[in-house]
Amino acid sequence: MAVSTASAEFELTEEQEELRREIRRFAEREIAPHVREWDEHSTFPTEIVRQLGQMGLLGVIFPPELGGSGMGYVEYVLAIEELSRVDGSIGIIVAAHNSLCTNHLYLAGNAEQHKHWVTRLASGEWLGSWGLTEPGAGSDALGARTTAVRRDNGWVLNGSKTFITNGGKADCALVIAVTDREKKSHGLTAFLVEKGTPGFRPGKKEDKLGLRASDTSELIFEDCFVPDENRIGAEGEGFIDSMRVLDGGRISIAALALGIAHGAYDAARKYAKERKQFGKAIAEFQAIQFKLADMATQLEAARQLTLRAARMKTAGRKVTLESSMAKLFASEAAVRICDECVQIHGGYGFIKDYPAEKFYRDVKLCTIGEGTSEIQRMVIAREILK
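A short tour of the structure in this document, coming up. (Residues numbered from 1 in each chain as written. Predicted model: local features only at pLDDT ≥ 70, side-chain atom pairs only at ≥ 80, totals over all residues. Heavy atoms only, no water.)

## Remarks on the side chain of Asn 166
Right, on to step 1. In this fold, Asn 166 is placed in the loop between strand E3 (154–165) and strand E4 (172–178).
Right, on to step 2. By relative accessible area, Asn 166 is classed as buried at 0%.
Right, on to step 3. Polar contacts involving the side chain of Asn 166 include one to the main-chain carbonyl oxygen of Ile 93, which spans 3.3 Å.
Right, on to step 4. Among all residues touching Asn 166, those that are not within four sequence positions of it are Phe 44, Ile 93, Ala 96, His 97, Leu 127, Gly 128, Ser 129 and Asp 215. (Helix = DSSP H or I, 4+ residues; strand = E, 2+ residues; numbered from the N terminus. Buried < 20%, exposed > 50% of the residue type's maximum accessible area, 1.4 Å probe, protein only. Polar contact = N/O pair within 3.5 Å; in protein donor to acceptor, adjacent residues only side chain to side chain. Contact = heavy atoms within 4.5 Å.)

Encoded structure:
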């Protein structure tokens, strides 16, 4: 029997179940046949992204009046999980667009910025990226070196961002720059920079271990002028707003990990029932049964933590602790599940004719992206020791 997708505490509504089924059908019909090719050639799935926009999945958590689908974080988790179950690259494209770029605009922007930019992003007309990480700073956002200097009713940006999901394909980037280094956490400001703005260009596209169909690129700013209308939120509050954005970003990565782990579990279970050794399916051997039992249990535990954080986020509650717990557990459990998927496949888990090796490569980012597992432990410890 397949692992359950709900529990008494987190019972999904019929509408949510139907959303899950709809996305699963789409992913298996439109994405699955191309996964190996996209992975092999690092091909960005432009047409799929366009279709996801038409389905409302590029604006899941935003209100209809701004072009969004008007749903909550539970529906968002279901969408990311089902897409990532087939290809984590698609999941992370949608996640970075929704919970980072568009959500920062939505949380910190004013009504005019909502009308001008959120509507384009949430409707799927535009694809967005979010730039916080820098080559020398990594997870130390306060060590950023990209600067924004006031000039002629606007700002001049200089510097670069790295490891930016959708960076080379996005129609706009929301970036964090230093406006007053002396003020430290209150000295960073967010700006929206549109594609084609003089002085702004994508840099090197990274050749990655996994999630190869998603575009991960540098963003480079060389005397890039943006008007003050492109400043998102109050001057000096970009870091503070980014921390609020990352509460939702952690739920995204938990859902991404959950989806990849779900795909790996399904692949391992299917293979174990089909693969014959010593005259019977290997699923009949207790050693394999124990592996599958552990995988199913960890998958369900990750799901419950992720859904709890999603429900709290939808209710407008503070979720720093819960989203960090969800990301930490789901990402580390997913790595273990994908490892066991390779083990169950044996030698076939090491070759590209089977999906096990791709799940294994893809999942590692989940313990790195949006803050490492070590950082999540620091966040959790800080919250529980308050």
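## What to know about the pairing of E3
Right, on to step 1. In the sheet, strand E2 (residues 147–151) pairs with E3 via five bridges, with the strands oriented antiparallel. Along E3, the bridge assignment pairs Val 149 with Val 156.
Right, on to step 2. Between E2 and E3, which pair antiparallel in sequence order, lie two residues; one of them, Asp 152, sits at a positive phi of approximately 50°.
Right, on to step 3. Pairing analysis gives nine bridges linking E3 to strand E7 (residues 216–227), with the strands arranged antiparallel. By the bridge assignment for E7, Val 156 is matched with Phe 225. (Pairing = 2+ DSSP bridges.)

## Some remarks on the packing of aromatic side chains
Right, on to step 1. Tallying each qualifying case throughout the model produces seven aromatic pairs.
Right, on to step 2. Judged by centre distance (5.7 Å) and plane angle (85°), the ring pair of Tyr 73 and Tyr 76 falls under edge-to-face. Of this pair, Tyr 73 and Tyr 76 both sit in helix H4 (residues 73–86), separated by three residues, roughly a single helical turn.
Right, on to step 3. Overall, the relative accessible area of 7% leaves Tyr 73 in the buried class.
Right, on to step 4. Accessibility expressed as a relative area gives 1% for Tyr 76, which makes it buried.
Right, on to step 5. A centroid spacing of 5.2 Å and a plane angle of 50° characterise the contact between Tyr 348 and Tyr 354, whose relative ring orientation is tilted.
Right, on to step 6. Residue Tyr 354 is classed as partly exposed on the basis of its relative accessible area of 29%.
Right, on to step 7. An aromatic cluster is defined as three or more aromatic residues linked by ring pairs; in this entry it consists of Tyr 271, Tyr 348 and Tyr 354. (Phe/Tyr/Trp six-rings, centres within 6.5 Å; stacked < 30°, edge-to-face > 60°.)

## Digging into unusual backbone geometry
Right, on to step 1. Positive phi outside glycine occurs at Asn 166, with the angle close to 70°.
Right, on to step 2. One non-glycine residue with positive phi stands out, namely Leu 211, at about 50°.
Right, on to step 3. Following the sequence through the fold, Leu 211 ends up in the loop between strand E6 (200–205) and E7.

## Considering the side chain of Lys 313
Right, on to step 1. Position of Lys 313 relative to the elements: it lies in helix H8 (residues 286–314).
Right, on to step 2. There is no salt bridge for the buried Lys 313, and the closest opposite charge comes from Asp 247, which lies 5.4 Å off by N-O distance.
Right, on to step 3. Contact partners of Lys 313, with chain neighbours within four places excluded, come to Tyr 73, Arg 244, Asp 247, Gly 248, Ile 251 and Val 319. (Lys, Arg positive; Asp, Glu negative; His and termini not counted. Salt bridge = Lys/Arg side-chain N within 4 Å of Asp/Glu carboxyl O.)

## Points about the pattern of salt bridges
Right, on to step 1. Under the defined criterion, the tally for this structure stands at 32 salt bridges.
Right, on to step 2. A salt bridge links Arg 361 to Glu 357; the shortest N-O distance between them is 2.8 Å. Residue Arg 361 and its partner Glu 357 are both found in helix H10 (residues 356–363); the two are separated by four residues, about one turn of the helix.
Right, on to step 3. Judged by its relative accessible area of 13%, Glu 357 falls in the buried class.
Right, on to step 4. Several salt bridges share partner residues, and in doing so they unite Arg 20, Arg 24, Glu 81, Glu 82, Glu 300 and Arg 303 into one network.

## Looking at the packing of helix H9 (residues 320–345) against helix H11 (residues 373–384)
Right, on to step 1. In the contact formed by H9 and H11, the axes pass within 9 Å of each other and the chain directions differ by 145°. When the axes of H9 and H11 are compared, the crossing they make is left-handed. Residue-level contacts link Thr 320, Leu 321, Ser 324, Met 325, Lys 327, Leu 328, Ser 331 and Glu 332 of H9 to Ser 373, Gln 376, Arg 377, Val 379, Ile 380, Arg 382, Glu 383 and Ile 384 of H11.
Right, on to step 2. Along the lines of polarity and charge, the residues of the contact of H9 with H11 split into six nonpolar, five polar and five charged. (Axes fitted to C-alpha atoms, helices over the stretch in contact; angles between N-to-C directions. Left-handed = near helix turned anticlockwise from the far one by under 90°. Nonpolar A, V, L, I, M, F, W, Y, C, P; charged D, E, K, R; others polar.)

## Thoughts on the environment of Pro 33
Right, on to step 1. As for its position among the elements, Pro 33 is in the loop between helix H1 (14–31) and helix H2 (35–41).
Right, on to step 2. A C-alpha to C-alpha distance of 23 Å links Pro 33 and Gly 124, two positions 91 residues apart in sequence.

## Let's talk about the state of the cysteines
Right, on to step 1. A full pass over the atoms with the stated rule returns zero disulfides.
Right, on to step 2. Here Cys 101 stays unpaired: no disulfide links it, and the sulfur of Cys 172, its closest cysteine neighbor, is 4.3 Å away.
Right, on to step 3. On the basis of relative accessibility, which here comes to 0%, the residue Cys 101 falls in the buried class.
Right, on to step 4. With no disulfide of its own, Cys 341 has Cys 338 as its nearest cysteine by sulfur position, at a separation of 6.6 Å. (Disulfide = S-S within 2.5 Å.)

## Considering the nonpolar core
Right, on to step 1. With 100 residues, the main nonpolar core has Ile 31, Leu 174 and Ile 344 as its most contacted residues.
Right, on to step 2. Of the residues forming this core, the biggest block, 18 residues, is contributed by helix H7 (residues 238–274).
Right, on to step 3. In terms of nonpolar packing, the next biggest core, distinct from the first, is built from 14 residues, Ala 148, Val 175, Val 193 and Cys 224 among them. (Core = buried A, V, L, I, M, F, W, Y, C linked by side-chain atoms within 4.5 Å.)

## A short note on the packing of H1 against helix H3 (residues 46–54)
Right, on to step 1. Relative to each other, H1 and H3 sit at 160°, their axes nearing to 12 Å. Viewed along their axes, H1 and H3 adopt a mutual orientation that is roughly antiparallel. Handedness of the H1/H3 crossing: right-handed. Where H1 approaches H3, its residues Phe 26, Glu 30 and Ile 31 are matched on the opposing element by Ile 48, Gln 51 and Leu 52. (Parallel < 35°, antiparallel > 145°, perpendicular 65-115°, else oblique.)

Taken by themselves, the reported measurements are silent on function.
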